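Descriptive analysis of the structure
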Amino acid sequence: MSAYMAYLKKNILTVITCIVLLASVFIVYTVFAIPNKYDATAVITTDTSASSYIKVIKSEGYIDDVSKQYSLSKDEIINSLDINGNGHMLTLRSRTMDAMASKKIVDCLVTRLIKYHPQITVKQNATVAAHPSSPSLLVNGALGGLCGVIAGLVIIGIQMKKK
């Protein structure tokens, strides 16, 4: 093991090069190839268990309403939604490539829900996201760096076996 550590110290530049190279590749890929996605989230207080409203919101009538109002496909709406219930709190989140579309989806669903269930209270209205929620440049850069460490160690291991 000490021979491997000595060889590693001697060739640390190989590992550092791999880290920098792969982190850079991951960051460039994140910036230029992965589309940005934006979140809009609303929080609602319900009179009963919030989980009972999840099926209502995902029902065809609600999804059709949003689809017709904003000319979005039903699949796009359904795939963008993340609805969670915790006790009497209901969180509606939409994640799309357009910040305004995310807000419109959430607003339309909340408006329709209040129209038919007036006992519901909006605790937090959806807002237009100023910055994308994904992809994360930091996470992808760190993942690239980790891959660089692994690649560098593999390269050094291969070089050491050849000697």
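Nothing here was measured: the structure is a model prediction, and the numbers come from that model. (Residues numbered from 1 in each chain as written. Predicted model: local features only at pLDDT ≥ 70, side-chain atom pairs only at ≥ 80, totals over all residues. Heavy atoms only, no water.)

1. Comments concerning the environment of Ala50
Following the sequence through the fold, Ala50 ends up in the loop between strand 1 (38-45) and helix 3 (51-57). On the accessibility criterion, Ala50 (0% relative accessible area) is buried. If sequence neighbours within four positions are ignored, Ala50 has contacts with Gly85, Asn86, Gly87, His88, Met89 and Leu90. (Helix = DSSP H or I, 4+ residues; strand = E, 2+ residues; numbered from the N terminus. Buried < 20%, exposed > 50% of the residue type's maximum accessible area, 1.4 Å probe, protein only. Contact = heavy atoms within 4.5 Å.)

2. Brief notes about the nonpolar core
Membership of the largest hydrophobic core comes to 24 residues, with the highest contact counts inside it found for Leu90, Leu92, Leu109 and Leu113. Elements with a minimum of two residues in this core: strand 1, helix 3, helix 4 (60-70), strand 2 (81-86), strand 3 (89-96) and helix 6 (99-116). Here Leu90 is in contact with Ala42, Val43, Ile44, Thr46, Ala50, Tyr53, Ile54, Ile57, Ile83, Asn84, Gly85 and Leu113, once residues within four sequence places are set aside. (Core = buried A, V, L, I, M, F, W, Y, C linked by side-chain atoms within 4.5 Å.)

3. A look at helix 4
Within helix 4 the residues assigned to the buried category are Tyr62, Ile63, Asp64, Val66 and Ser67. Buried residues along helix 4 sit against helix 3, helix 5 (74-80), strand 2 and helix 6. A positive backbone phi angle near 55° is found at Ser71, which sits one or two residues after helix 4.

4. So, the sheet that holds strand 1
The 4 strands are arranged 2-3-1-4 in an open sheet whose pairing can be described as antiparallel. The sheet is open, and its two edges are formed by strand 2 and strand 4 (121-124), each paired on a single side. Shown here is a sheet whose adjacent strand axes are inclined to one another by a mean of 25°, direction ignored. The pairing of strand 1 with strand 4 spans 3 bridges and is antiparallel. Within strand 4, the residue paired with Val43 across the bridge is Gln124. In this fold helix 6 packs onto strand 1, strand 2, strand 3 and strand 4, with an angle of close to 150° to the strand it touches most, strand 3. (Pairing = 2+ DSSP bridges. Axes fitted to C-alpha atoms, helices over the stretch in contact; angles between N-to-C directions.)

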